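Coordinate analysis (summary)
Now for the letters of each chain:
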Amino acid sequence: MMKKQLILALLILTATTIFAQSRFYTRTGKITFSSKAPLEDIEGKNKTVTAVLDATSGAVQFAVQMKGFEFEKQLMQQHFNENYVESDRFPKAEFKGNITNNGDIDYTKDGSYTARIKGKLTIHGVTRDIETTGTIRVDGGKIDASSVFNILCSDYNIRIPAVVKDKVSNSIHISVDCSLEALKG
Amino acid sequence: MMAKNQTRRTVLIIFLLVLAVGGIVGYRMYKEQTPDIVNRKPDRSVTASELIAAFDSDTASASKTYMDKIVEVTGTVRSIDTSGTIVLGEPGTEASVSCGIDRRHMKDFAMVKTGSRAVLQGVCAGYEKASGDDLLASLGTTVQLRSAGVKKKN
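What you see is a predicted model, and the numbers here were worked out from it, not measured in a lab.

1. A short note on the environment of Thr34(B)
Structurally, Thr34(B) can be placed in the loop between helix 1 (2-31) and strand 1 (44-47). On the basis of neighbour count, Thr34(B) is assigned to the buried category, with 20 C-beta atoms found within 10 Å. In this structure, the C-alpha to C-alpha distance between Thr34(B) and Ser147(B), residues 113 residues apart in sequence, is 9.0 Å. Those residues in contact with Thr34(B) that sit more than four places away from it in its chain are Glu70(A), Phe71(A), Glu72(A), Lys73(A), Gln74(A), Gln77(A) and Ser147(B).

2. Considering the sheet that holds strand 7 (residues 142-152) of chain A
Residues and elements named next belong to chain A. Here we have eight strands rolled up into a closed barrel, ordered 1-2-3-4-5-6-7-8, and antiparallel in their pairing. The sheet shows a mean angle of 25° between the axes of neighbouring strands, direction not considered. Sheet topology places strand 4 (residues 92-99) next to strand 5 (residues 111-123); six bridges connect them, and they run antiparallel. In the strand pairing of strand 5, Glu 94 is matched with Thr 122.

3. What to know about the pairing of strand 2 (residues 42-54) of chain A
Residues and elements named next belong to chain A. With respect to burial, strand 2 is a largely interior element, 10 of its 13 residues being buried. By the bridge criterion, 10 bridges tie strand 1 (residues 23-35) to strand 2 in an arrangement that is antiparallel. Considered in strand 2, the bridge of Phe 33 is made with Gly 44. Across four bridges, the pairing between strand 2 and strand 3 (residues 59-65) is antiparallel. Considered in strand 3, the bridge of Val 52 is made with Gln 61. In textbook terms, the turn of a hairpin is the stretch between consecutive antiparallel strands, and for strand 2 and strand 3 this stretch comprises four residues, one of which, Gly 58, has a positive phi near 85°.

4. Points about the interface of chain A and chain B
Contacts between the two partners involve 28 residues from chain A, matched on the other side by 26 residues from chain B. Contributing elements (two or more residues each) for the side of chain A that touches chain B: strand 1, strand 2, strand 3 and helix 2 (74-84) of chain A. A total of six residues in the side of chain A that touches chain B trace back to one element, the largest contributor, which is strand 2 of chain A. Taken together, the residues of the side of chain A that touches chain B break down into eight nonpolar, 10 polar and 10 charged.

5. Re the domain arrangement of chain B
Examined at the domain level, chain B breaks down into domain 1 (1-32) and domain 2 (44-152). Here domain 1 of chain B and domain 2 of chain B have C-alpha centroids that lie 49 Å from each other.

6. Concerning unusual backbone geometry
Positioned with a positive phi, Asn157(A) is a non-glycine residue whose angle comes to about 60°. Looking at where Asn157(A) falls in the secondary structure, it is placed in the loop between strand 7 and strand 8 (171-182). The class of Asn157(A) is exposed, set by 12 C-beta atoms lying within 10 Å. Of note in the backbone geometry, Asp68(B) takes a positive phi value of approximately 65° without being a glycine. Along the chain, the position of Asp68(B) falls in the loop between helix 3 (59-66) and strand 2 (70-81). Looking at Asp68(B), the number of C-beta atoms within 10 Å reads 15, which means it is partly exposed.

7. Observations regarding the packing of helix 2 (residues 48-57) of chain B against helix 3 of chain B
Residue and element names in this part refer to chain B. Where helix 2 meets helix 3, the closest approach of the two axes is 6 Å, and the angle between their N-to-C directions is 135°. What the angle tells us is that helix 2 and helix 3 run oblique. Along its contact with helix 2, which presents Leu 51, Ala 54 and Phe 55, the element helix 3 presents Thr 59, Ala 62, Thr 65 and Tyr 66. For the contact of helix 2 with helix 3, the residue count by class is five nonpolar, two polar and no charged.

8. With respect to the pairing of strand 4 of chain A
In this sheet, strand 4 of chain A lies alongside strand 3 of chain A in antiparallel orientation, the contact comprising seven bridges. Across the sheet, Phe62(A) pairs through a bridge with Phe95(A), a residue of strand 4 of chain A.

9. Overview of the nonpolar core
Core analysis: the biggest nonpolar cluster contains 38 residues, and Ala51(A), Val52(A), Leu53(A), Phe62(A), Val64(A) and Leu180(A) have the highest contact counts within it. Ala51(A) has contacts with Tyr25(A), Thr26(A), Gly29(A), Val60(A), Gln61(A), Phe62(A), Cys178(A) and Leu180(A), leaving out every residue within four places of it along the chain. Listed in part, the 27 residues of the second largest apolar core include Phe55(B), Ile70(B), Val77(B) and Val150(B).

10. A short note on the environment of Gly141(A)
Residues and elements named next belong to chain A. Looking at the element boundaries, Gly 141 is found in the loop between strand 6 (126-139) and strand 7. On the basis of neighbour count, Gly 141 is assigned to the exposed category, with 12 C-beta atoms found within 10 Å. A sequence separation of 138 residues divides Gly 141 from Lys 3, and the C-alpha atoms of the two residues are 30 Å apart.

Cut-offs applied
Residues numbered from 1 in each chain as written. Chains lettered and ligands numbered in written order. Predicted model: local features only at pLDDT ≥ 70, side-chain atom pairs only at ≥ 80, totals over all residues. Helix = DSSP H or I, 4+ residues; strand = E, 2+ residues; numbered from the N terminus. Buried ≥ 20, exposed ≤ 12 C-beta atoms within 10 Å, placed from the backbone. Contact = placed C-beta atoms within 7 Å. Pairing = 2+ DSSP bridges. Axes fitted to C-alpha atoms, helices over the stretch in contact; angles between N-to-C directions. Nonpolar A, V, L, I, M, F, W, Y, C, P; charged D, E, K, R; others polar. Domains from an automatic or database assignment. Parallel < 35°, antiparallel > 145°, perpendicular 65-115°, else oblique. Core = buried A, V, L, I, M, F, W, Y, C linked by C-beta atoms within 7 Å.

This is how it looks when you write it as structure tokens:
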């Protein structure tokens, strides 16, 4: 009788532990976008990206405040917000998607895994399907998730003024780097 | 004839001067760095809980009060990410203020400790509020600051 109770207690404990660690999050994710062009290289960095990953289902969600991007040059920061992404009208970029090969990733075992990601990316009020790959590194209960991909300004209705059209690149390089922790509760 | 030549010369000199001044002003504007606002006089001074509560109760009014403003925030340090972020949040709640640290303040991490009080200053850049069954809803409300730094040791 005691043995049965002990097994039951252990089972419940294991189940709660797995449940408790099925979600991972960050509020300090980093997203850098850069664009190399004849006129000049543009780079902006956001250090306060929020993201949640559900390890059980493979669902992922990111939210990025456009005004949170920091630039070295004042004029660049101003142009980015006012002329390109119009951050007063469209304050947030968002990604909602899934890791399509979630079964290949063992979140309980340290190691590096390749994740295939598919979902909807919303920037500047335009939502498009995107597909990319990323790396998930499991290390002692923490997860480092990273991905690099390119998007086109024209896909998201981001207009490049005619005067600089030949000098500013339409292709934007995006790099995502997040350290995720287990969500308690 | 002499007078005409002199006028021409004056016009040319003025034109060149304007061009040079315009060039210098333009070049300076182009080269101007984003300002370090950490030690400036803040537009608003609040606790992390007050800032979160403001966005929780009325986002439109909180946006008017805080967005794009220099905000000084006092709160408990929840986590430190030395690659560029300090998160403030009170124990017993998930809601947080996430502060992206200015590139010139990367040494400020040494001034704070997880669990102790700190005063940070940055520009309010947005908020993320729990909505519906979103995955992000499990994080509660997060208010974001950019270009931030630690103001003084507490």
